[in-house]
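Examining the three-dimensional arrangement
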Amino acid sequence: DAGAEVYASAFGEVTGVYKDPMLGTTVEITHSSTHKSYYSNLDPDTVAVSVGDSVEQGDLIAKVGDSAVIEIAEEPH
């Protein structure tokens, strides 16, 4: 639901905070050289992390938003 809190799934470093044209406001967390997590459709006003931040599992990333305008407009797929 919009406004729900989004938490880090595992320890890592924030390696990207950006606006994706399809997925909206996105936070990228690198957990290792082979594993990354992407959190998309976030409310840009609630993003609680910045590039270079270290996060622990369960740390607040942001809240769910409606920033994925193109994805939301598409039919279910």
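In the block above lies the structure referred to throughout.
Remember, predicted model here, so these are calculated numbers, not experimental data. (Residues numbered from 1 in each chain as written. Predicted model: local features only at pLDDT ≥ 70, side-chain atom pairs only at ≥ 80, totals over all residues. Heavy atoms only, no water.)

What follows concerns the side chain of S37. Among the structural elements, S37 can be located in strand β4 (residues 36-42). For S37, a relative accessible area of 13% puts it in the buried group. At a separation of 3.4 Å, a polar atom in the side chain of S37 contacts the side chain of S9. Once residues lying within four places of it in the same chain are set aside, the contact partners of S37 are S9, V27, E28, I29 and H31. (Helix = DSSP H or I, 4+ residues; strand = E, 2+ residues; numbered from the N terminus. Buried < 20%, exposed > 50% of the residue type's maximum accessible area, 1.4 Å probe, protein only. Polar contact = N/O pair within 3.5 Å; in protein donor to acceptor, adjacent residues only side chain to side chain. Contact = heavy atoms within 4.5 Å.)

Within the secondary structure layout, Y7 lies in strand β1 (residues 5-7). Residues Y7 and E56, 49 residues apart in the sequence, show an inter-C-alpha distance of 9.3 Å. The residues touching Y7, leaving out its near neighbours within four places in the chain, are Y39, G58, D59, L60 and I61.

The subject of this paragraph is the sheet that holds β4. Pairing is antiparallel across the open sheet formed by four strands, whose spatial order is β4-β3-β2-β5. Either end of the sheet is taken by a strand with one partner, and the two such strands are β4 and β5 (54-55). As paired elements, strand β2 (residues 12-20) and β5 share two bridges and run antiparallel to each other. When the bridges of β5 are listed, G12 appears paired with V55. (Pairing = 2+ DSSP bridges.)

Distances and angles like these do not, on their own, reveal function.
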